[in-house]
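Results of the structural survey
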Amino acid sequence: MKQLCLALITILALSLSSCVQHQEKELKDSKETYGPRINAINYDSLYHLEEPPAYEPFPMYGAFLFGVATQNVPMVYDTKLSLPENIKKSTDVIYKETDGLSLGLDIYSNKTDKSSNPLILIIHGGYWKAGDKGEFYTQRAIEFVEMGYTVASINYRLSTNHKFPANIEDLRDGLLFLIEHAEEYNIDPSQIMTYGISAGGHLAAFMALAANSDREYVKGLNSSSFKGAISLYGIHDMSLTIQREHPFTELYIGTSYDLDTTNYIDASTTQHVDQNDPPILLIHGSLDGSVSVKNSDNLAQVLESKKVPYVYDRIEGWPHVMDFFSPIGERTLWQMHDFLQEYMPSEELKNKE
């Protein structure tokens, strides 16, 4: 019996080796380049579509990875994109000094447009413990500026040393700084929308929804200035077992859920919804293994129950950071463009209607 098993294993190993060698030869002969490829987006054509671009779901995460590796799923988001000549960037504008840290903003605007434009605040992701406002968000900032907005990308204190609600206080102070310097940076302080992915998606929705609460960490904000939030695969419900037991969530809150549930509840976006809140755009993939889609499912249900306007594009069969890849990248841009045109149109978008 042992001999038979060894013989079968040997045959299988030889067969696999032969297959791998054959595939390697095919790849070498084909002269195709495999790995990430970045496709340019035709923005004018995309924004003129009446419906968002269609897509096909993946049966499993591995199928998505294989598609990326073979360039059947090309990227449409370039994390190293250069700033075009027509856009001005004010880098590392310090808005706050605290705990020995200098917290900064990068502010993007059109060099030829001196009017006061609605503000989009980009809030970076990184599970609250990492990330940065910098060049990673250049392409998104460019896309928003080309739509007619002034854009600010913000840094905040991270959970490695500072717990909730420290980052909320920083975002509040960043917004108050931008409002105070609105004329200098061509900002209309009465029109603000927040944008973020992952943990940034949580913070974007949180700021827009909590701005009209009585919490000290949003004191000074004018809730009527918030025209909405764009949240991509955000962390919205920390009562979910998968979220409250996640080590990065415990790091953010500073204690375990079992010891004290107070801040887990208060830090959940779902707990700050009322009928006076601005509209929310939610985009989340059902194959997201980093942030469960249940987060956005639950927030959508609460928004529905409170009759708060929202759009929820639940992307079946796609994972985390799906908007970096085609066609979800184009679909996400279409959704954001449509949402902005509906709820906070710039003069640029108004003129194109």
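Here goes a summary of the coordinates provided. (Residues numbered from 1 in each chain as written. Predicted model: local features only at pLDDT ≥ 70, side-chain atom pairs only at ≥ 80, totals over all residues. Heavy atoms only, no water.)

Judged by side-chain charge, Glu50, Glu51, Asp338 and Glu342 come together as a negatively charged surface patch. Along the chain, the position of Glu50 falls in the loop between helix H2 (43–47) and helix H3 (61–69). (Patch = residues over 30% accessible without salt bridge, like charges linked within 9 Å, V, L, I, M, F, W, Y side chains within 5 Å. Areas by Shrake-Rupley, 256 points an atom, 1.4 Å probe, with all protein chains shown as cover. Salt bridge = Lys/Arg side-chain N within 4 Å of Asp/Glu carboxyl O. Lys, Arg positive; Asp, Glu negative; His and termini not counted. Charge placed at Lys NZ, Arg CZ, Asp CG, Glu CD. Helix = DSSP H or I, 4+ residues; strand = E, 2+ residues; numbered from the N terminus.)

Now for the pairing of strand S7 (residues 280–285). With six of six residues buried, S7 lies mostly within the body of the structure. Residues Ile280, Leu282 and His284 of S7 are buried on one face, and the alternating residues Leu281, Ile283 and Gly285, pointing to the opposite face, are buried as well. Two elements, strand S6 (residues 226–232) and S7, share four bridges in a ladder whose sense is parallel. Note on S7: the bridge partner recorded for Ile230 is Leu281. Examined bridge by bridge, S7 and strand S8 (residues 310–315) share six bridges and lie parallel to one another. Bridge assignment links His284 to a residue of S8, and that residue is Arg314. (Buried < 20%, exposed > 50% of the residue type's maximum accessible area, 1.4 Å probe, protein only. Pairing = 2+ DSSP bridges.)

Let us look at the layout of surface pockets. Over the atoms rolls a probe the size of a water molecule, and in doing so it shows where empty space is left. Its boundaries defined by the atoms lining it, the largest pocket holds a volume of some 370 Å³. The wall of the largest pocket is formed by 19 residues, among which Tyr43, Tyr47, His337, Leu349 and Lys352 lie closest to the centre. Looking at the lining of the largest pocket, the elements that each hand over two or more residues are H2, helix H4 (138–146), helix H11 (328–343) and helix H12 (347–352). Residue composition of the lining of the largest pocket, by class: eight nonpolar, four polar and seven charged. Approximately 150 Å³ is the volume attributed to the second largest pocket. Those elements giving two or more residues to the lining of the second largest pocket turn out to be H4 and H12. Looking at the lining of the second largest pocket, the element that brings in the most residues is H12, giving three residues. In terms of residue class, the lining of the second largest pocket is built from two nonpolar, five polar and four charged. (1 Å grid on protein atoms, 1.4 Å probe; cavity = no way out; pocket = protein on both sides within 12 Å on 5 of 7 lines; lining within 4 Å. Points joined across faces, edges and corners; volume = space filled by probe spheres on them. Nonpolar A, V, L, I, M, F, W, Y, C, P; charged D, E, K, R; others polar.)

In terms of residue burial, strand S5 (residues 187–197) counts as a mostly covered element, since nine of its 11 residues are buried. Bridge analysis of strand S3 (residues 117–123) against S5 gives seven bridges, and the strand direction is parallel. Across the sheet, residue Ile120 finds its bridge partner in S5, namely Met193. Taken together, the six bridges between S5 and S6 define a ladder with parallel strand orientation. Bridging across to S6, Met193 finds its partner in Gly228.

Mapping Asp288 onto the fold places it in the loop between S7 and helix H10 (294–305). Arg314 provides the closest opposite charge to the buried, salt-bridge-free Asp288, at an N-O distance of 11 Å. Within the structure, Asp288 has its side chain in polar contact with the backbone nitrogen of Ser290 (distance 2.9 Å). Within the structure, the side chain of Asp288 is placed 2.7 Å from the side chain of His320, a separation counted as a polar contact. Once residues lying within four places of it in the same chain are set aside, the contact partners of Asp288 are Tyr233, Trp318, Pro319 and His320. (Polar contact = N/O pair within 3.5 Å; in protein donor to acceptor, adjacent residues only side chain to side chain. Contact = heavy atoms within 4.5 Å.)

It is worth spelling out the environment of Ala40 at this point. Relative to the helices and strands, Ala40 resides in the loop between helix H1 (2–30) and H2. When the C-alpha atoms of Ala40 and Met75 are compared, they prove to be 8.9 Å apart, with 35 residues separating the residues in sequence.

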